[in-house]
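What follows is each chain in one-letter form.
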Amino acid sequence: MEKKAQMYEGKAKKVYETDDPSLLIVDYKDDATAFNGLKKGTIAGKGVINNQMSNFLMQILETKGVPTHFVKELSERETLVRRVTIVPLEVIIRNISAGSFAKNYGVEEGIVFEQPTVEFSYKNDALGDPLLAPSHALALKLVTEAEMNQITDYALKVNEVLKDFWKQRGVTLVDFKIEFGRLADGTIILADEISPDTCRLWDSETGKKLDKDRFRRDLGGVEEAYTEIMGRLKG
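Residues numbered from 1 in each chain as written. Predicted model: local features only at pLDDT ≥ 70, side-chain atom pairs only at ≥ 80, totals over all residues. Heavy atoms only, no water.

*Asks:* Got a minute to help me understand the overall build of the chain in this structure?
*Replies:* Helix and strand counts for the chain come out as six helices and 13 strands. Its C-alpha atoms give the chain principal-axis dimensions of roughly 50 × 40 × 35 Å. Looking at the chain as a whole, 51% of its 235 residues are labelled buried. Within the chain, contacts between residues separated by at least 24 positions form 57% of all contacts whose residues are at least 6 apart in sequence. Total accessible area on the chain is roughly 11,300 Å²; 51% of this is exposed by carbon and sulfur atoms. Across the chain, 33 positive and 38 negative side-chain charges occur, with their mean positions spaced 1 Å apart. (Helix = DSSP H or I, 4+ residues; strand = E, 2+ residues; numbered from the N terminus. Buried < 20%, exposed > 50% of the residue type's maximum accessible area, 1.4 Å probe, protein only. Contact = heavy atoms within 4.5 Å. Areas by Shrake-Rupley, 256 points an atom, 1.4 Å probe, with all protein chains shown as cover. Lys, Arg positive; Asp, Glu negative; His and termini not counted. Charge placed at Lys NZ, Arg CZ, Asp CG, Glu CD.)

*Asks:* What exactly am I supposed to notice about the layout of surface pockets here?
*Replies:* Rolled over the atoms, a probe as big as a water molecule pinpoints where empty space is left. Taken as a whole, the second largest pocket holds about 180 Å³ of empty space. Taken together, N95, I96, V112, F113, Q115, P116, K163, K167, V171, T172, L173 and S204 form the lining of the second largest pocket. Within the residue set of the lining of the second largest pocket, elements represented by two or more residues are β9 (89–96), β10 (112–122), α4 (145–167) and β11 (171–182). The residue inventory of the lining of the second largest pocket, partitioned by class, reads six nonpolar, four polar and two charged. (1 Å grid on protein atoms, 1.4 Å probe; cavity = no way out; pocket = protein on both sides within 12 Å on 5 of 7 lines; lining within 4 Å. Points joined across faces, edges and corners; volume = space filled by probe spheres on them. Nonpolar A, V, L, I, M, F, W, Y, C, P; charged D, E, K, R; others polar.)

*Asks:* Explanation requested: the side chain of T18 in the structure shown.
*Replies:* Summarising the element assignment, T18 is placed in strand β2 (residues 13–18). The exposure class assigned to T18 is buried, which follows from its relative accessible area of 8%. A polar atom in the side chain of T18 sits 2.9 Å from the backbone oxygen of D20. In this structure the side chain of T18 is engaged in a polar contact, spanning 2.9 Å, whose partner is the backbone oxygen of L23. The residues touching T18, leaving out its near neighbours within four places in the chain, are M1, E2, K4, L23, L24, I25 and L80. (Polar contact = N/O pair within 3.5 Å; in protein donor to acceptor, adjacent residues only side chain to side chain.)

*Asks:* It is not clear to me how a nonpolar patch on the surface should be interpreted in this structure. Could you clarify?
*Replies:* Nonpolar side chains collect at one region of the surface, where Y105, V107, I111 and L131 lie side by side and expose about 350 Å² of accessible area between them. Assignment of secondary structure puts Y105 in helix α2 (residues 99–105). (Patch = residues over 30% accessible without salt bridge, like charges linked within 9 Å, V, L, I, M, F, W, Y side chains within 5 Å. Salt bridge = Lys/Arg side-chain N within 4 Å of Asp/Glu carboxyl O.)

*Asks:* Which parts of the structure should I look at to understand the packing of aromatic side chains?
*Replies:* Centre-to-centre distance and the angle between the planes together describe a pair of aromatic rings. For the structure shown, the criterion picks out five aromatic pairs. Their ring planes at 55° and their centres at 5.1 Å tell us that F101 and F113 sit as a pair that is tilted. Taken together, the residues span a long stretch of sequence, with F101 in helix α2 and F113 in strand β10 at a distance of twelve residues. Both residues of the pair, F101 and F113, count as buried. (Phe/Tyr/Trp six-rings, centres within 6.5 Å; stacked < 30°, edge-to-face > 60°.)

*Asks:* It is not clear to me how helix α1 (residues 46–63) should be interpreted in this structure. Could you clarify?
*Replies:* In an α-helix, one turn spans 3.6 residues; hence positions three or four apart end up facing the same way. The end-to-end C-alpha separation of α1 is 26 Å, in line with the 26 Å expected for 18 residues at 1.5 Å each. A large share of α1 lies buried, amounting to 13 of its 18 residues. One or two steps after α1, the chain reaches G65, where phi turns positive at roughly 95°. (Expected span 1.5 Å × (residues − 1).)

*Asks:* Before we go on, may I ask you to explain the packing of α1 against helix α6 (residues 222–233) in this structure?
*Replies:* When two helices pack together, you describe them by how their axes are tilted relative to each other and by the distance separating the axes. The geometry of α1 relative to α6 is characterised by a closest axis approach of 10 Å and an angle of 25° between their N-to-C directions. Between α1 and α6, the crossing angle belongs to the class labelled roughly parallel. For the element pair α1 and α6, the recorded crossing hand is left-handed. For the pair α1 and α6, the contacting residues are K46, I49, N50, Q52, M53, F56 and L57 in the first and Y226, T227, I229, M230 and L233 in the second. (Axes fitted to C-alpha atoms, helices over the stretch in contact; angles between N-to-C directions. Parallel < 35°, antiparallel > 145°, perpendicular 65-115°, else oblique. Left-handed = near helix turned anticlockwise from the far one by under 90°.)

Here it is in structure tokens:
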């Protein structure tokens, strides 16, 4: 597969075209950002961990009936993926109160919900990724009703699979953000990444944070946490 012109560079990844118009190469960077890019830094080795973790988990999700953009891991940092048009929605599933949920609603972190919450944000940096009701997403024509239902079903399935996966490894899946895309024929599939950048992962016994919150909150031990969660991933 020939790597061609760079098509896009985001906060954490670069995307390249290939000699097949239906396939792209994603290259994961060590750059770290928080608070819509207001805080910037580097987490050594993050790109390697996020690439490999995301690929590993997406392959598991494929076996559980969630279609993804993953095609093939090319190297430590690069992966071949199916080309999609990203749906401009961030889908956030929460099992436990933390982060913006705790802040916005004035509750402490660590409250275990009886059932997961499903949130949508409008994927728009200029507007600060505002929270969005499903009816607003429909009004803005970001998705159809059928797509919204499909995305919600997939997101809850991802939660069910990942919660069980991490529980077996002594890790609690607190919450996570995922994104979906449309293939050329309109099929909705899981895209972007699943990593310590996009998930809150706590040690089940100690509550130690093993994710990007260590960077966001200046808790120290960021690289060590990413390395530890990668070790847990591989069992």
